[in-house]
Amino acid sequence: MFPKATLAVAIAVSVSGCNAFLPAAGPSTSSVVGGADQATSEGTFARYEFIEVNSAVVEAMRGRPLDSLLSSFGDRRMPAEPVIGIGDAVAVSVFEAGSGGLYSGPLTVNSMSAGSKAAQLPEQVVSRDGAISVPYAGRIKVAGRRAQDVQSLIETELAGKAIQPQVIVTVTRAISQSVTVGGESIGGARVPLGAQGDRILDVIAGAGGVKSPVNETFVRLSRSGTTATVPLTTVVSNPKENIYLRPNDNLTLVRDPQTFLAIGALGVSNEIPFQAEGITLAQALAKARGQSDADADPTGTFLFRFEPAAVVRRLRPGSPLLGTPLVPVVYRFDMRDPNSLFLTQAFRMRNRDMIYVSNAPFTEIKKVLAVFAAAATPITTGVRVGTAF
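Residues numbered from 1 in each chain as written. Predicted model: local features only at pLDDT ≥ 70, side-chain atom pairs only at ≥ 80, totals over all residues. Heavy atoms only, no water.

A. The arrangement of the side chain of E216 in detail. Mapped onto the fold, E216 is located in the loop between α6 (200-206) and β13 (217-223). A distance of 2.9 Å separates a polar atom in the side chain of E216 from a polar atom in the side chain of R255. If sequence neighbours within four positions are ignored, E216 has contacts with V254, R255, D256 and P257. (Helix = DSSP H or I, 4+ residues; strand = E, 2+ residues; numbered from the N terminus. Polar contact = N/O pair within 3.5 Å; in protein donor to acceptor, adjacent residues only side chain to side chain. Contact = heavy atoms within 4.5 Å.)

B. Spatial organisation of the environment of S72. By the secondary structure assignment, S72 is in helix α4 (residues 69-73). Put simply, S72 and T226 are 154 residues apart on the chain and 7.8 Å apart in space, counted from C-alpha to C-alpha.

C. Representation of the environment of N250 in the model. Checked against the element boundaries, N250 lands in strand β15 (residues 250-255). Taking the C-alpha atoms as reference, N250 lies 8.1 Å from R220; in sequence the two are 30 residues apart. If sequence neighbours within four positions are ignored, N250 has contacts with T180, R220, L221 and S222. At 3.4 Å, the side chain of N250 and the side chain of T252 are in polar contact.

D. Summary view of the sheet that holds β15. With mixed pairing, five strands are arranged side by side in an open sheet as β12-β11-β15-β13-β14. Sheet topology places β12 (189-192) and β14 (226-231) at the edges, where each strand pairs with a single neighbour. Sheet twist, expressed as the mean angle between neighbouring strand axes with direction ignored, is 25 degrees. Both strand β11 (residues 178-183) and β12 contribute to a ladder of four bridges, which runs antiparallel. Within β12, the residue paired with T180 across the bridge is R190. (Pairing = 2+ DSSP bridges. Axes fitted to C-alpha atoms, helices over the stretch in contact; angles between N-to-C directions.)

These results come straight from atomic positions and should not be treated as a statement about function.
Pasting the structure below:
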């Protein structure tokens, strides 16, 4: 039978020197804290920023820059009378003061009143050269002009040929004054904009609405090479983000369920959906069924996230990682401090965040004890059996 002192020494040596060989769900608290910088033969390199969360950090996080449709595109209404564009369908009506004029013959003629004649020209689509054809007036450049300007131009061309011509130009299908709606819209299509101007929610309604849940849907607007994405809930709740759309805008509704990863000494290790517009770290921990009483290190609650460089610049102005748009950051919460409970309620979760809770040091001791207990059981059993004879 092994002496107790020998067994105790063996356990102590195993705990101090063999932790690297024990199974674990992830790095220890000391490994995360000390692993931000890595020493190599060429020097020390920063792998991530390590930040202890306090009230100042939480306050700085409130100013985290978010995509905004208003700041990206402004909110300028389109002109009250839009211009004609290539692809639009245009109808031209010509009225003359008396019969016997140019337009009282082969074209469809409608008698408007005694001594007055009118002709309705066939509907035309504005061609690539931006022009339409008007008999006796030739090719008329209409693209980029208002309907009333085209009317005056045709009247000028017909002066001296028709009898006191009066012209009405109507845009029957304003293809150039439309917005393309796609993605999670019920009826993806090109939606024409009204003369009064249409906002994002007006156009989404015109396309039939949204198929996916509102809290999982994002609005992605592309205009003239610029793209911005915001949650649909932001557009609904903040009227300033419900901006006017402009011709040729591309509006895509994207379904992107907001989730976070929970791993380590937690009640649940899984990818967990927000199931709400936004949640705090306290709510996220509750969704993961909290920290394990038997295994969790109260000083080892970490949140891993890629932060925009602008945020890291406020928290760590001298960070060597600011040369990249996104900086890997590890935030630590010391749950032994009661104030951390308030901090977790104010710390907002972001999509794809990862919560990691490390094991307490005693957890590793328990593993070693379990290994020695399993190894010693058959030996001690054999000794008892031998002494019985």
